[in-house]
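# Breakdown of the fold
Residue-level listing of the chains:
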Amino acid sequence: PALFKLTGPVEQISIQIHKVMSRPLFAYVADKAEIGKLRLSGELCVVMVYFHSTEGRAFMVVTEDHSSKITKRNTYDEKLVITGCQVIGQKISQEIAGEGNFIERVVALNKMLLNHVAGNSPWLFTRIDLKYTPLESCKLSIELSQTMGGRFFKSVIMGDGKYIGSIFFSKG
């Protein structure tokens, strides 16, 4: 959600998470050359590719601030986020939004679905592709669509019955 606050309304979004983070974060617009340098140095944490109506295709990167430590965390009660969800087969649905923003809901619901379908695991959220932002609270359904090598899982996200995007997890 913080990235979407920086970009405003955008389309054709892909957010790829490259590593687990444990420090405060910096997010900023970058070009392909800088992304390559960050990748080589191991500093790249997240890259977001998106299309902005006035700026065209753009890239935002996230890196860690190694000079400071996390001093406060926002509480996140996953049980409240997934309230009222129902798993049937390889699909999870939530008619009425529980607590949490759109990203928190999608991540928590997909994690619950994967625990149900593929067994409990320390799941890692690795990527999300979305058609557009901002995304409002809506009826959500997520369906497992692809398993790759038994370690990588792709699910399709539907909001109010319409395709919104895909989310990817890997087994930790």
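Heads up: these notes are all about the structure in this document. Predicted model only: the values in this text are computed from it and were never measured. (Residues numbered from 1 in each chain as written. Predicted model: local features only at pLDDT ≥ 70, side-chain atom pairs only at ≥ 80, totals over all residues. Heavy atoms only, no water.)

## Some points on the side chain of R105
Put simply, the test is: Only DSSP runs of H or I with at least four residues qualify as helices, and only runs of E with at least two residues qualify as strands; both kinds are numbered from the N terminus onward. Burial classes follow relative accessibility: with a 1.4 Å probe on protein chains only, a residue under 20% of its type's maximum area counts as buried, one over 50% as exposed, and anything between as partly exposed. Charge counting treats Lys and Arg as positive and Asp and Glu as negative, with His and both chain ends excluded. For this analysis, a salt bridge means a side-chain nitrogen from Lys or Arg found within 4 Å of a carboxyl oxygen belonging to Asp or Glu. Residues count as neighbours in contact if any of their non-hydrogen atoms are within 4.5 Å of one another.
Within the element layout of this structure, R105 appears in helix α4 (residues 102–118). No salt bridge is formed by the buried R105. Its closest oppositely charged neighbour is D160, at 7.9 Å. Not counting the four nearest positions on each side in its chain, R105 is found in contact with V81, Q94, A97, G98, E99, G100, S137, C138 and L140.

## A closer look at the side chain of Q94
This is how it is decided: Counting of polar contacts relies on pairs of N or O atoms within 3.5 Å, with two restrictions inside protein: one atom must be capable of donating a hydrogen and the other of accepting it, and residues adjacent in sequence are counted only when both atoms are side-chain atoms.
Considering the arrangement of structural elements, one finds Q94 in strand β6 (residues 91–94). Using a relative accessible area of 0% as the deciding quantity, one classes Q94 as buried. One polar contact links the side chain of Q94 to the main-chain carbonyl oxygen of V81, over a distance of 2.9 Å. One polar contact links the side chain of Q94 to the main-chain carbonyl oxygen of T83, over a distance of 2.9 Å. The contacts of Q94, once residues within four sequence positions are left out, are V81, I82, T83, G84, C85, R105, L109, C138, K139 and L140.

## Brief notes about the sheet that holds strand β3 (residues 46–52)
Selection rule: For two strands to be treated as a pair, DSSP must find at least two bridges joining them. Fitted lines through C-alpha atoms serve as axes, helices being fitted only where they are in contact, and the angles separating the N-to-C directions of these axes extend from 0 to 180 degrees.
The strand order β2-β4-β3-β1-β7-β10-β9-β8-β6-β5 describes an open sheet built from ten strands, whose pairing is antiparallel. With one partner strand each, in any of the chains shown, β2 (25–30) and β5 (85–88) form the two edges of the open sheet. Pairwise comparison of adjacent strand axes, ignoring direction, gives a mean angle of 20° for this sheet. Alignment of strand β1 (residues 11–17) against strand β7 (residues 123–132), held across five bridges, turns out to be antiparallel. Paired with I13 across the strands is L130, a residue of β7. Docked against the sheet, α4 engages β5, β6, β7, β8 (140–148), β9 (152–159) and β10 (162–171), running at close to 55° with respect to β8.

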